[in-house]
Amino acid sequence: TQSSLRLSNPAVTNSSDLRTMRQSDTSHPQSESNNMNPPISRASNVLLLLAIFLVSINLRPVVAAIGPLVSLIVEEAGSSSTTIGLLTMIPVFLMGVGAIYVRQLRAALGERGGITLGVLVIAVSCASRLWFSTGTGLLVSAAGAGIGIAIVQSLMPGVVKRNFGASTGRVI
């Protein structure tokens, strides 16, 4: 069909011209599928962007919320200044250390499974603070959150890069 299109239209000189003609030709079956895919693709990208946004806004509050709540944590949990310092240091430390082992997790669960696991670990860690509000309970939940954040923030850029290509910088 490529040669017949070139013979019928001498202006077609390269494959991009040929693709343009095929897409504008409504009788060609490939053009129908090309015209139908962009809206589906756009809808999936919008849903993926929404999921990325929702995950991203839940990564930092575990660590960032400690500062404004220091006096309440000291009063309620009877924590020392060392414990308060550890509440912010442990997640950050585990984000760095945990990122080393994410490659094995990705091989075992895949990116989607790994991100799901990371988000679940963060959610369980945050929820556990309701029941374990002692200094030790808060430290354990901080460790869990740090591991969950390490998993998500190590796997998410690959998902974004694969799905958004040239727009990766804007999405991240």
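See above for the structure.
Given the structure is predicted, the values throughout are model-derived calculations rather than measurements.

Some thoughts on the overall build of the chain
Moving on, step 1. Broken down by element type, the chain carries 9 helices and 0 strands.
Moving on, step 2. Listed N to C, the secondary structure of the chain is α-α-α-α-α-α-α-α-α in terms of helices and strands.
Moving on, step 3. Expressed as a percentage of its 172 residues, the buried residues of the chain come to 30%.
Moving on, step 4. Sequence-distant contacts, at least 24 apart, represent 62% of the contacts inside the chain between residues at least 6 apart.

Notes on helix H8 (residues 135-164)
Count 3.6 residues to each turn of an α-helix, and residues three or four apart come out pointing the same way.
Moving on, step 1. When the terminal C-alpha atoms of H8 are compared, their 42 Å separation across 30 residues agrees well with the 44 Å that a helix rising 1.5 Å per residue should span.
Moving on, step 2. One or two steps after H8, the chain reaches glycine 165, where phi turns positive at roughly 45°.

Details of the packing of helix H6 (residues 81-100) against helix H7 (residues 102-131)
Moving on, step 1. Contact pair H6 / H7: the axes reach a minimum separation of 5 Å and the direction vectors enclose 55°. In terms of orientation, H6 lies oblique with respect to H7. Within the contact between the two elements, H6 uses Gly98, Ala99 and Ile100 and H7 uses Val102, Arg103 and Gln104.
Moving on, step 2. The class makeup of the residues in the contact of H6 with H7 is 3 nonpolar, 2 polar and 1 charged.

Observations concerning the pattern of salt bridges
Pairing of side chains with opposite charge becomes possible as their charged atoms draw close.
Moving on, step 1. A complete count under the given rule lists 1 salt bridge for this structure.
Moving on, step 2. With a closest N to O distance of 2.2 Å, glutamate 111 and arginine 162 form a salt bridge. Separated by 51 residues along the polypeptide, glutamate 111 in helix H7 and arginine 162 in helix H8 bring together distant segments of the chain.

Here we look at the side chain of threonine 83
Moving on, step 1. Relative to the helices and strands, threonine 83 is located in helix H6.
Moving on, step 2. Exposure remark for threonine 83: the relative accessible area of 14% places this residue in the buried category.

Comments concerning the packing of H6 against H8
Moving on, step 1. Axis separation between H6 and H8 bottoms out at 7 Å; the angle between their running directions is 30°. Considering the angle they form, H6 stands roughly parallel to H8. In this structure, H6 crosses over H8, and the sense of that crossing is right-handed. On H8, the residues that touch Thr83, Leu86, Leu87, Ile90, Pro91, Leu94, Met95, Gly98 and Ala99 of H6 are Gly135, Leu138, Leu139, Ala142, Ala143, Gly146, Ile147, Ile149, Ala150, Gln153 and Ser154.
Moving on, step 2. Residues that form the contact of H6 with H8 fall into these classes: 14 nonpolar, 6 polar and no charged.

Quick notes on a nonpolar patch on the surface
Moving on, step 1. On the surface, Leu47, Leu50, Phe53, Leu54 and Ile57 cluster together into a nonpolar patch covering about 480 Å² of accessible area.
Moving on, step 2. Secondary-structure assignment places leucine 50 in helix H3 (residues 29-56).
Moving on, step 3. With relative accessibility at 44%, the residue leucine 50 sits in the partly exposed group.

Thoughts on the nonpolar core
Moving on, step 1. In this structure, Ile122, Val152 and Met156 are the most contacted members of the largest nonpolar core, which totals 19 residues.
Moving on, step 2. Counting only elements with at least two residues in this core, the list comes to H3, helix H4 (61-64), H7 and H8.
Moving on, step 3. Per element, the largest residue contribution to this core is 9 residues, and it comes from H8.
Moving on, step 4. If near-sequence neighbours (up to four positions away) are discounted, isoleucine 122 is found in contact with Asn58, Leu59, Val62, Ala145, Gly148, Ile149 and Val152.

Re H6
Moving on, step 1. The terminal C-alpha atoms of H6 lie 30 Å apart, and with 20 residues this matches the ideal 28 Å at 1.5 Å per residue to within 8%.
Moving on, step 2. Those residues of H6 that sit buried are Thr83, Ile84, Leu87, Ile90, Pro91, Leu94, Met95 and Gly98.
Moving on, step 3. Packing partners of the buried residues in H6 comprise H4, helix H5 (70-77), H7 and H8.

Parameters at a glance
- Residues numbered from 1 in each chain as written.
- Predicted model: local features only at pLDDT ≥ 70, side-chain atom pairs only at ≥ 80, totals over all residues.
- Heavy atoms only, no water.
- Helix = DSSP H or I, 4+ residues; strand = E, 2+ residues; numbered from the N terminus.
- Buried < 20%, exposed > 50% of the residue type's maximum accessible area, 1.4 Å probe, protein only.
- Contact = heavy atoms within 4.5 Å.
- Expected span 1.5 Å × (residues − 1).
- Axes fitted to C-alpha atoms, helices over the stretch in contact; angles between N-to-C directions.
- Parallel < 35°, antiparallel > 145°, perpendicular 65-115°, else oblique.
- Nonpolar A, V, L, I, M, F, W, Y, C, P; charged D, E, K, R; others polar.
- Salt bridge = Lys/Arg side-chain N within 4 Å of Asp/Glu carboxyl O.
- Left-handed = near helix turned anticlockwise from the far one by under 90°.
- Patch = residues over 30% accessible without salt bridge, like charges linked within 9 Å, V, L, I, M, F, W, Y side chains within 5 Å.
- Areas by Shrake-Rupley, 256 points an atom, 1.4 Å probe, with all protein chains shown as cover.
- Core = buried A, V, L, I, M, F, W, Y, C linked by side-chain atoms within 4.5 Å.

In short, shape yes, function no, at least from these values alone.
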